[in-house]
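Here are the chains, one letter per residue:
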Amino acid sequence: MERNPMQKLNDLSRSLTPLKPDGTLIAVIEMSLSSWLVAGIVPGIERQPLKKLDVDENALLKLLNRWREEAQKAEQGIERIAVAFEAGRDGFWLARWLRARDIEAHIIHASSVAVSREHRRAKTDRLDTELLKRAFLGWLRGERDHCKMVAIPTIKDEDAKRPNRERESLVGEQSRIVNRMKAALVRLGIRGFNPKLKKAAERLDGLRTPEGEPIPPNTLAELRRDMARRRLVSDQIRQIEDTRLERLEQAPSDGPHAMVRLLARVIGVGIETADMLVQEVLSRNMRDRRAIARYAGLTGSPDESGRKRREKGLARSGNARVRRGMIQLAWRFLMFQKDSTLAQWFRARTENARSTRKTMIVALARKLLIGLWRLVREGVVPDGVVLRPVS
């Protein structure tokens, strides 16, 4: 679980490879569902080519090779091809595909590209490629704050996130089904019926409205279908949870699995929360504690100009799953780790100012996330935190 000292930690804010303009072919892609617009900067060619392609990675590769041949005809030897595009619906597959063919590929964090603040600014794919080229060129020159790149995960890393995200989606779907059934019954004046009980389906026929009438046939059929759907979703959630436990038992010393098992030893942290934190944030190669807090969106957004000083609240620019999970965990932490230094810190600052609890819980969530990051990375247990014995 120790960090590799040779691994670059700051190569997402700027390029660490010196840029040689005469030997570097640069291309940016504006991607949509139906087409790709590719803009290039080709050494030795005065014009800056712009080509619209179908969504086809092989056509893109042919275009890059053709531009390289044009540069060679202009007596410019191409030593490096650098391609960039914004993070979006297409994910990371194209970057991995290009890198497998010895083409340097980067994914730009869309919100890090500066745009015009005009009320009605012109926006077209061609103008967007110009913005991307300027931002990408500054990044390649090694200058900070032109744009930020997104870490490109392996397909194994992406797949490891799917169980937790699928479970989150299924839990939400299960809640919607239950709420829909309760709403259907309330419309008939029936209250206090729990559709989640095992014998709920058998009790439907015996339910009566305040007028003494049975549930109407169409509503009854709808309720039965919803119950069958809820059972299916509940079974799928259980399958995901059982599969996760099996994998943890089969490879307990695997890197992410070891982190999950260590986090789950913290009283108040369950397997589900531990797995989410490890897969979404703690297994990533973060530079420092500030980067951890920024990624979770648990930092503030100050608005300062002249004498004006105000705070606009959470930046919310990071991972929403981590932010929601950490705020929920912070409330649980206050119950299960009352004697910890962090819990005492929270109580000392809210004891005489109860109205600040919601604000301070975010600060506690940020401190707790950093403490858990140090726990899995360096083995440093936060002061006063009680761990379960090793099973």
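Residues numbered from 1 in each chain as written. Predicted model: local features only at pLDDT ≥ 70, side-chain atom pairs only at ≥ 80, totals over all residues. Heavy atoms only, no water.

**With respect to the packing of helix α4 (residues 155-186) against helix α8 (residues 271-282)**
So, step 1. Look at α4 against α8: their axes get within 9 Å of each other, and the N-to-C directions meet at 135 degrees. Classified by the angle between their axes, α4 and α8 sit oblique to one another. Our pair here, α4 against α8, has a crossing hand that is left-handed. On the side of α4, the interface is formed by Ala160, Lys161, Asn164, Arg165 and Arg167, while α8 contributes Glu272, Asp275, Met276, Gln279 and Glu280.
So, step 2. Within the contact of α4 with α8, the residues separate by chemical class into two nonpolar, two polar and six charged. (Axes fitted to C-alpha atoms, helices over the stretch in contact; angles between N-to-C directions. Helix = DSSP H or I, 4+ residues; strand = E, 2+ residues; numbered from the N terminus. Parallel < 35°, antiparallel > 145°, perpendicular 65-115°, else oblique. Left-handed = near helix turned anticlockwise from the far one by under 90°. Contact = heavy atoms within 4.5 Å. Nonpolar A, V, L, I, M, F, W, Y, C, P; charged D, E, K, R; others polar.)

**Focus on unusual backbone geometry**
Generally, phi is negative for residues other than glycine and the peptide bonds are trans, each holding for most cases.
So, step 1. Positive phi outside glycine occurs at aspartate 102, with the angle close to 60 degrees.
So, step 2. On the secondary structure map, aspartate 102 appears in the loop between α2 (93-99) and β5 (104-108).
So, step 3. Look at aspartate 145: it is not a glycine, yet its phi comes out positive at around 70 degrees.
So, step 4. For aspartate 145, a relative accessible area of 67% corresponds to the exposed category. (Buried < 20%, exposed > 50% of the residue type's maximum accessible area, 1.4 Å probe, protein only.)

**Some remarks on the packing of α8 against helix α10 (residues 320-336)**
So, step 1. Two numbers describe how α8 lies on α10: the axes approach to 10 Å, and their chain directions differ by 145 degrees. α10 is crossed by α8, and the crossing has left-handed handedness. Between α8 and α10, the contacting residues are Thr273, Met276, Leu277, Glu280 and Val281 on the first element and Arg321, Val322, Gly325, Met326, Leu329 and Arg332 on the second.
So, step 2. Here the contact of α8 with α10 is built from residues that sort into six nonpolar, two polar and three charged.

**Focus on the nonpolar core**
So, step 1. Ranked by size, the top nonpolar core spans 44 residues in total, and within it Leu263, Leu277, Val281, Met326 and Leu369 carry the most contacts.
So, step 2. Those elements that provide at least two residues to this core are α7 (255-264), α8, α9 (289-295), α10, α11 (341-350) and α12 (357-378).
So, step 3. Ranked by residues supplied to this core, first place goes to α12 with 13 residues.
So, step 4. Excluding residues that lie within four positions of it along the chain, leucine 277 makes contacts with Leu263, Leu282, Val322, Met326, Leu329, Leu369 and Leu372.
So, step 5. Of all hydrophobic cores here, the second largest spans 28 residues; its members include Met31, Leu64, Val83 and Ala105. (Core = buried A, V, L, I, M, F, W, Y, C linked by side-chain atoms within 4.5 Å.)

**Describing the pairing of strand β1 (residues 24-31)**
So, step 1. Most of β1 sits out of view: eight of its eight residues are buried.
So, step 2. Neither face of β1 is exposed, since Thr24, Ile26, Val28 and Glu30 on one face and Leu25, Ala27, Ile29 and Met31 on the opposite face are all buried.
So, step 3. Sheet topology places β1 next to strand β4 (residues 80-86); six bridges connect them, and they run parallel. Residue pairing across strands places valine 28 opposite alanine 84, the latter belonging to β4.
So, step 4. Sheet analysis places β1 next to strand β2 (residues 35-41), joined by six bridges and oriented antiparallel. Looking at β2, one finds that glutamate 30 is bridged to leucine 37.
So, step 5. Connecting β1 to the antiparallel partner β2 that follows it, the hairpin turn spans three residues. (Pairing = 2+ DSSP bridges.)

**A closer look at a positive patch on the surface**
So, step 1. Residues Lys148, Arg289, Arg290, Arg294, Arg349 and Lys367 make up a contiguous surface patch of positive charge.
So, step 2. No other element matches the three residues that α9 contributes to the positive patch.
So, step 3. Considering the arrangement of structural elements, one finds arginine 349 in helix α11.
So, step 4. Given a relative accessible area of 45%, arginine 349 falls into the partly exposed group. (Patch = residues over 30% accessible without salt bridge, like charges linked within 9 Å, V, L, I, M, F, W, Y side chains within 5 Å. Areas by Shrake-Rupley, 256 points an atom, 1.4 Å probe, with all protein chains shown as cover. Salt bridge = Lys/Arg side-chain N within 4 Å of Asp/Glu carboxyl O. Lys, Arg positive; Asp, Glu negative; His and termini not counted. Charge placed at Lys NZ, Arg CZ, Asp CG, Glu CD.)

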